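Next come the chains, spelled out residue by residue.
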Amino acid sequence: MERGGRDVERIEVLFGGQGGQGIKLAGSLLGRACALSGRQVASSALYGPEARGTLIYSEVVISDEQITYPRTLTPHFFVALSQEAYDRLHRDVAVDGVILFDSGAVTPAPDAAQRHYPIPSLSTAAKMGHPGVANMVMLGALLALSGLVDMETLKQSLPESRRQANEQALEQGFALGRDLM
């Protein structure tokens, strides 16, 4: 996999938020899109039995080589949709990693070493009239900042239900991420 002009054997992505925010779906869609583009992918989601409203996170490991360990060790990218997720998980991200956080829901740690990018995903989704697509806004921004997969391949991985709203949210997020570069 080529990223930034160099070969990368393994990329780790972590999504975190509250149950009901589509964290599991975002990880699943990214994994599916990367698999469609010919990469090896492993993904998992972890959450409590009372999932809605509690901490949930989703991990995606992407490689051009066989994946020997399917969990994240030191994520390169972290997407945070809630303060609780950020507080619990940001320290796991690589020092040279990237953290995308919802600018209305998360206050980053002032001493965090990683690059932080504020994305107004919740307010953007609300302005679109679809508050449930904030995860897609973040996924689009992640795509713009990471180049992990192209937009058309990601769109192919979308489920048919709410496809139009999800595509619009991905495009809005991509534009937000591109503007930060």
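The coordinates are above.
Residues numbered from 1 in each chain as written. Predicted model: local features only at pLDDT ≥ 70, side-chain atom pairs only at ≥ 80, totals over all residues. Heavy atoms only, no water.

Asks: Which residues make up the packing of helix 1 (residues 23-36) against helix 4 (residues 134-146), and what are the values?
Replies: Contact geometry for helix 1 and helix 4: axes closest at 9 Å, N-to-C directions at 40°. With respect to each other, helix 1 and helix 4 are oriented oblique. As helix 1 runs across helix 4, the sense of the crossing is right-handed. Residues Leu25, Ala26, Leu29 and Leu30 of helix 1 form the contact with helix 4, whose participating residues are Asn135, Met136, Leu139 and Leu142. Here the contact of helix 1 with helix 4 is composed, by residue class, of seven nonpolar, one polar and no charged. (Axes fitted to C-alpha atoms, helices over the stretch in contact; angles between N-to-C directions. Helix = DSSP H or I, 4+ residues; strand = E, 2+ residues; numbered from the N terminus. Parallel < 35°, antiparallel > 145°, perpendicular 65-115°, else oblique. Left-handed = near helix turned anticlockwise from the far one by under 90°. Contact = heavy atoms within 4.5 Å. Nonpolar A, V, L, I, M, F, W, Y, C, P; charged D, E, K, R; others polar.)

Asks: Help me get a handle on the nonpolar core, residues and values and all.
Replies: Among soluble globular proteins, nonpolar side chains are generally buried collectively. Core analysis: the largest hydrophobic core is formed by 38 residues, its most contacted members being Val13, Phe15, Leu30, Leu100, Leu139 and Leu142. For this core, the leading source of residues is helix 4, giving nine residues. Here leucine 30 is in contact with Val13, Phe15, Val60, Ile62, Leu139, Leu142, Leu148, Val149 and Leu154, once residues within four sequence places are set aside. The next biggest cluster of nonpolar side chains, apart from the first, holds nine residues, and it includes Tyr86, Leu89, Ile99 and Val106. (Core = buried A, V, L, I, M, F, W, Y, C linked by side-chain atoms within 4.5 Å. Buried < 20%, exposed > 50% of the residue type's maximum accessible area, 1.4 Å probe, protein only.)

Asks: Any chance you could break down helix 6 (residues 163-180) for me, citing the residues and the numbers?
Replies: For helix 6, spanning 18 residues, the distance from its first C-alpha to its last is 26 Å, which sits close to the expected 26 Å at 1.5 Å a residue. Residues of helix 6 that are buried in the fold lie against helix 4 and helix 5 (151-156). (Expected span 1.5 Å × (residues − 1).)

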